[in-house]
Structures are given as C-alpha cells and as structure tokens.
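These are the residues of each chain, in order.
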Amino acid sequence: MSSRGLRTVAFDGCRSTRVPETGDNVAWLGRYKVAAGVAAYPLLAVMALAETGTRALLGAVVGPYRGEVEAALQLVGHLRQDMVVLADRGFDANAFIRAVHASRAALLLRICSSRRPAVLQVLADGSFLSVIAGVPVRVIAATVTVTCADGSTHRGEYRLVTTLTDVRRHPTEDLLALYHQRWEIEVAFLAIRHTMLKGRVLRSGDPQGLRQEMWALLTVHQLLRMAMLDATDAVPGCDPDRACFTAALAAARDSVTRGATIVPGADSELTGPITEAVTGALLPPRRPRISARTVKGVSARYGHHRSDEDRPCVSTPVTAPDIIVHFPQQDTSAPAPTAAPPGRPGRNPAPQQDPPVTAQTLLPPAVPMHTSRLEDVLAAMGTAPEREWRAIELATLLRLDRSDLTGELIRWSRRQILIKTRPATFKIPDGPPQPSKLAVHPKDVLAVMATDPHRPWHAREITAALNTVKHSTLAQHLSAWAHKNLLVKTAPTTYRLPEQPMPAAPARPLAATNTPTRRAA
C-alpha cells in the first residue's frame, strides 16, 4: 500500500509458535510464564517488517524473546527513504525513534500515556510540533468515535507521533486512517500461525532445527504472497487485500501433491495454478470492523477483555467514523520557572523570567541513533547556546526523570562540561566542550596497547596515555573486557592483548532479508 507516494510498512512481533520442550530448546528460549506457573511448551519469537498492502515480509528476526524494540532495531537497515513506518505503543522507545529517523524513513507511532512531549508550536489542525529524543516530530491527539452496523458507538483515545510535519500534504484525518493499516501485519502472522501451522508444534528438538523450520515457513509465505500479488495485478483495480491466502495455500499444496506443473510448459508459469485459484476466489472489498483484543488459548494473557474496554466482543462492521482532534493544553508545554517560597527572603532569590518557548528556540537538530544522555542534553541546549536551561525543561523534552537528570547536570557542571547559573539552571560554556572524564572508547584503549602488543599494561599506564578517563573507571572496563575474552588478565589491574585474533562479537539470532517484493499499487 502507498500513501501520497510513501510505501507503508509496519513492525510487529509474534510469540506464539510452540516448540518441543527439550533441554536445548528450553536453554535457548526459556520458559513462558503464565498465571498458573509456566506454559507447557517453550515459545519461539518472530519479529517482522512487512508491507501493509501485500503483507509480504521485508525482513525477520527469529529467536528467543528479548523485547520488541531490541529485535526491531536489527531490521531498521531494511528501511528506505520512500517508506513510512507504522508501529504501536510497544515501540515507543527513544532508541527506536532515533533509529527510524536515522534511516530517513517517515514514522507514524502511537505513544504511551506516560510520555509528555513539550508543546513547541501549535498547528492549524490542532496538532503541535515537539521533539522526542532529539527528533523533530508532530504530535496528534484525537478521539475516534465509530458507529457500528448494530447501532452501537465506541470511542477510543489516540496520541500519534509522526515525522511528517507538513500539515497540508499530510492532514490529521489521513494519518489517523493510515495508522489503522498497521493491523495488516497481524493478518500476515495469522496466515503463518493458523492457516499454515494450524496450531501445530514445531518438530525440531534443537535451536538450529527450529531456525530452519521457521525460515522454511517464512519462505513459503513469501513465495505465496508474490504469487497472490501476480494474481491481483492481473485484475484491473483489484486491491491486494482481496487475495485469499487460504486459496493460494490449497492450490500450492495440490500442485505439490499431484506433481503438476513441476516443469512448466513454454507458455505457462510455475505459479499458474496458484494465481488462477486466487483470481477465481477473490474476497469482497475490505470493510472496516472493530472488536475487543482477545486471544484464543488456555494460557493467553488477553483471554478476557477488560470490563471497561469500549469495544465489542465480536467483530462488528463500522458504518461511520467520527474524528475529533484535541488542541494541546497550555500546561503541557515546557514549565515556567517558579518563584521562591514566601517567608524566606534572600535565601533563594526568584529566578529571572526566561524568554518565551518557541519552536525556533527549542527544536534541536536530529541526533545519531546511538547517543548518550550527555549528547542528548548538549544537542537540546545547543539550539540556544546562550540561553539558561532549567532541568525540568530538559527532562520534559527528553522524557527523563527530573531528579535523576538534575543530579547528572550537577555532576557535569563540576566537571566543567556545563555551567551552573542558578539552582537547577545550567548553560553551555563558551569555547570548545571539555572531554568527559567518564568516556571510555575501546578503540582508544586497544590503540594504546597495540603499540607494544606483548607487554602487560597496567591500568594506570593506559590512563596516563589516554588522559581522558579516570583510573577507577578504566579498571572496571578492562575487567569486563577480560571476562569477554577481549583481553588477558596477567595480574591485578594488569592486562595484555590476546595472542590469537580477538573473537568476533556473537551474532544476533538470525536477522535476514527475504526476497524483495514488488510494491503494491
């Protein structure tokens, strides 16, 4: 599917594929905890990046569950400039937002209720400009009310963050309707879990065999989606949503069972029976529907929907949606400074009033996808180097805890990275920034030790050679690297380079790209 020239893709994970309970599988995947204890089978997790129109997979990660954001970051390399990424609240993380923005793809993300982005500039349609993790974004808060065919009405609150800041080219109503397309990736997982596997348990008792089985299923799914796209392309004006995956799978199984068209003729194609079956069993045009989020299963975490959930228990067609965009409240912007408490004159004088908060003074430039907290703070403060920044302003912009950030700002001021002008108020010093005494870069340490690779190096010697890090901090890092076999410990706080080449970092579990597919019309 495309939206104003952008190819819509979505991230989502699936953790419901059951595998045999063998020692190797349990050691690799762990046990899945449920209300009654642990599940009967270990579960294999799959994180995928898929097109929302054709439901074809652009990439996948197979392995144990370690969090959706961590797995999705391995697939960010498949994003392109002409894509818009759709994601739900499970991907509301600063690292994910930075990574997608660094790939130059557009982002449309539903954020959590705990995030409080600062209001920098209110736009005409009710959305407003803000910044999250150093990325300029546009925030949309709206109430969506739908009227169903049975006469009932249901309401939901949505807060979306997008890097598509052009209001005229990307109206708010279009973005809210586009976000609904994220559910197409759930249809792709439904085809794999239920239509292809039918709830069966995978057969292999070791991790390598499980990887092969899952990649075989993903490969078959990808090939069927390509054949289904060929079938819908042959029908003028046919949406890829109307292609029936069950018909395509049944035709493929019949072809393999009967051995038909194993070697196609001169004027025929190998996927001819599949495309003919899909063309002859086109589904009716997709209709809007709504239902409560439930999962059928004994050990499902969402077995019963909440009593206060405003959605029907069964799938119900939607006849008329109504969207109301909410203008931001004034108190959600960067907080104003507070005066000194009465009755204590001269002890803590009232701070001076800062200039008004505007998009020009607060909107920082884009930052790299992997940055430290200090680099994020300096990027935000660098938009107005001569301005005095309050800790609560920086905490609001970067979604950080105010008390923790205030303590770090004080420590940075003691190391002369920042200048403390008033209580909880800081500014950037004039001139080049001072190097941090806590920064430890492995390449710098290895470069020093490589000058004499056979010599045991004491931590104090490396500290004196670098002159940018504390001795105690470097000693902790050297000990950690020795446990990872990157260095050899010969004596207390003394290390040398290994005689053999340093081992490569362990590969992450199976991040690969499937065969590229054609973009849907």
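On a predicted model such as this, the values are computed, not experimentally measured, just so you know. (Residues numbered from 1 in each chain as written. Predicted model: local features only at pLDDT ≥ 70, side-chain atom pairs only at ≥ 80, totals over all residues. Heavy atoms only, no water.)

Quick word on the nonpolar core
Counting 50 residues, the largest nonpolar core has Leu44, Val84, Leu108, Leu202, Met214, Leu218 and Ile274 as its most contacted members. The leading source of residues in this core is helix H6 (residues 207-233), at 9 residues. The residues touching leucine 202, leaving out its near neighbours within four places in the chain, are Thr17, Arg18, Val19, Pro20, Leu44, Leu197, Leu210, Glu213, Met214 and Leu217. By size, the runner-up hydrophobic cluster in this structure holds 33 residues, among which are Leu49, Leu58, Ala71 and Met83. (Core = buried A, V, L, I, M, F, W, Y, C linked by side-chain atoms within 4.5 Å. Buried < 20%, exposed > 50% of the residue type's maximum accessible area, 1.4 Å probe, protein only. Helix = DSSP H or I, 4+ residues; strand = E, 2+ residues; numbered from the N terminus. Contact = heavy atoms within 4.5 Å.)

A short note on empty space enclosed by the protein
Summed over all chains, the structure comprises 3 cavities of 30 Å³ or more. Along the walls of the largest cavity sit Gly53, Thr54, Arg55, Arg225, Met228, Leu229, Thr232, Pro240 and Ala243, which together make up its complete lining. Per-class residue counts for the lining of the largest cavity are 4 nonpolar, 3 polar and 2 charged. The volume enclosed by the second largest cavity comes to roughly 40 Å³. Residue lining of the second largest cavity: Cys14, Thr17, Val46, Phe189, Ile192, Arg193, Met214 and Leu218, and that is the complete set. In terms of residues, the lining of the second largest cavity owes the most to one element, helix H5 (residues 184-196), which gives 3 residues. Classifying every residue of the lining of the second largest cavity by side-chain character gives 6 nonpolar, 1 polar and 1 charged. (1 Å grid on protein atoms, 1.4 Å probe; cavity = no way out; pocket = protein on both sides within 12 Å on 5 of 7 lines; lining within 4 Å. Points joined across faces, edges and corners; volume = space filled by probe spheres on them. Nonpolar A, V, L, I, M, F, W, Y, C, P; charged D, E, K, R; others polar.)

A short note on a positive patch on the surface
On the surface, Lys198, Arg200, Arg203 and Arg253 cluster together into a patch of positive charge. Checked against the element boundaries, lysine 198 lands in the loop between H5 and H6. With a relative accessible area of 57%, lysine 198 lands in the exposed category. (Patch = residues over 30% accessible without salt bridge, like charges linked within 9 Å, V, L, I, M, F, W, Y side chains within 5 Å. Areas by Shrake-Rupley, 256 points an atom, 1.4 Å probe, with all protein chains shown as cover. Salt bridge = Lys/Arg side-chain N within 4 Å of Asp/Glu carboxyl O. Lys, Arg positive; Asp, Glu negative; His and termini not counted. Charge placed at Lys NZ, Arg CZ, Asp CG, Glu CD.)

Some thoughts on the environment of alanine 56
Mapped onto the fold, alanine 56 is located in the loop between strand E5 (43-51) and strand E6 (57-63). Through-space distance from the C-alpha of alanine 56 to that of alanine 188 is 7.7 Å; in sequence the pair is 132 residues apart.

Focus: the packing of aromatic side chains
With the rule as written, the count across this model stands at 4 aromatic pairs. Note on phenylalanine 11 and phenylalanine 91: the rings are 6.2 Å apart at their centroids and 40 degrees apart in plane angle, and the pair reads as tilted. With phenylalanine 11 in strand E2 (residues 6-18) and phenylalanine 91 in the loop between strand E7 (83-87) and helix H3 (94-102), this residue pair connects regions lying 80 residues apart in the sequence. Exposure class is identical for phenylalanine 11 and phenylalanine 91. Each is buried. (Phe/Tyr/Trp six-rings, centres within 6.5 Å; stacked < 30°, edge-to-face > 60°.)

A closer look at the side chain of threonine 143
Its location among the elements puts threonine 143 in strand E11 (residues 135-148). A distance of 2.5 Å separates the side chain of threonine 143 from the side chain of histidine 326, its partner in a polar contact. Residues contacting threonine 143, with those up to four places away along its chain left out, are Arg155, Gly156, Glu157, Asp322, Ile323, Ile324 and His326. (Polar contact = N/O pair within 3.5 Å; in protein donor to acceptor, adjacent residues only side chain to side chain.)

A few points about the sheet that holds strand E20 (residues 494-496)
The pairing of strands in a sheet happens through backbone hydrogen bonds and is either parallel or antiparallel. One open sheet accounts for 3 strands, arranged E18-E20-E19; its pairing is antiparallel. This sheet does not close on itself; its edge strands, each paired only once, are strand E18 (457-458) and strand E19 (488-491). Bridge analysis of E19 against E20 gives 3 bridges, and the strand direction is antiparallel. Across the sheet, valine 488 pairs through a bridge with arginine 496, a residue of E20. Across the sheet, helix H15 (residues 471-483) touches E18, E19 and E20, and the angle it forms with E20 is around 50 degrees. (Pairing = 2+ DSSP bridges. Axes fitted to C-alpha atoms, helices over the stretch in contact; angles between N-to-C directions.)

With respect to the environment of leucine 73
Structurally, the position occupied by leucine 73 is in helix H2 (residues 68-73). Apart from the residues within four sequence positions on either side, leucine 73 is in contact with Ala95, Phe96 and Ala99.

Some remarks on the sheet that holds strand E15 (residues 389-390)
Read across the open sheet, the 3 strands follow the order E15-E17-E16; overall the sheet is antiparallel. In this open sheet, the two edge strands, each paired with only one partner strand, are E15 and strand E16 (419-422). When E16 meets strand E17 (residues 425-427), the two strands line up antiparallel, connected through 3 bridges. Note that in E17 the partner of lysine 420 across the bridge is phenylalanine 426.

Remarks on the packing of helix H7 (residues 245-258) against helix H8 (residues 272-280)
At a minimum axis distance of 8 Å, the contact between H7 and H8 shows a crossing angle of 145 degrees. With respect to the hand of their crossing, H7 and H8 are arranged in right-handed fashion. Facing Ala247, Ala248, Ala251, Ala252 and Ser255 of H7, the residues of H8 in contact are Pro273, Ile274, Ala277 and Val278. Within the contact of H7 with H8, the residues separate by chemical class into 8 nonpolar, 1 polar and no charged. (Left-handed = near helix turned anticlockwise from the far one by under 90°.)

A short note on the pairing of strand E8 (residues 106-110)
Taken across its 5 residues, E8 has 5 buried, putting it largely inside the fold. Burial of E8 is two-sided: the residues Ala106, Leu108 and Arg110 facing one way and the residues Leu107 and Leu109 facing the other way are all buried. Examined bridge by bridge, E7 and E8 share 4 bridges and lie parallel to one another. If you follow leucine 86 over to E8, its bridge partner there is leucine 108. In this sheet, strand E12 (residues 153-162) lies alongside E8 in antiparallel orientation, the contact comprising 3 bridges. From the neighbouring strand, leucine 108 faces E12, where its bridge partner is threonine 162.

A few points about the side chain of arginine 115
By secondary structure assignment, the location of arginine 115 is in the loop between E8 and strand E9 (121-122). In this structure the side chain of arginine 115 is engaged in a polar contact, spanning 3.2 Å, whose partner is the side chain of asparagine 94.

Structural notes on unusual backbone geometry
In this model, arginine 55 sits at a positive phi of 60 degrees, which is unusual for a non-glycine residue. When you line up the elements, arginine 55 lands in the loop between E5 and E6. In this model, threonine 493 sits at a positive phi of 55 degrees, which is unusual for a non-glycine residue. If you trace the backbone, threonine 493 turns up in the loop between E19 and E20. For threonine 493, a relative accessible area of 29% gives the class partly exposed.

Considerations on H7
Helix length check: H7, at 14 residues, gives a terminal C-alpha distance of 20 Å against a target of 20 Å (1.5 Å per residue), a fit within 8%. Against the buried residues of H7 lie H5, H6 and H8. At the exit of H7 stands glycine 259, carrying a positive phi of roughly 65 degrees. (Expected span 1.5 Å × (residues − 1).)

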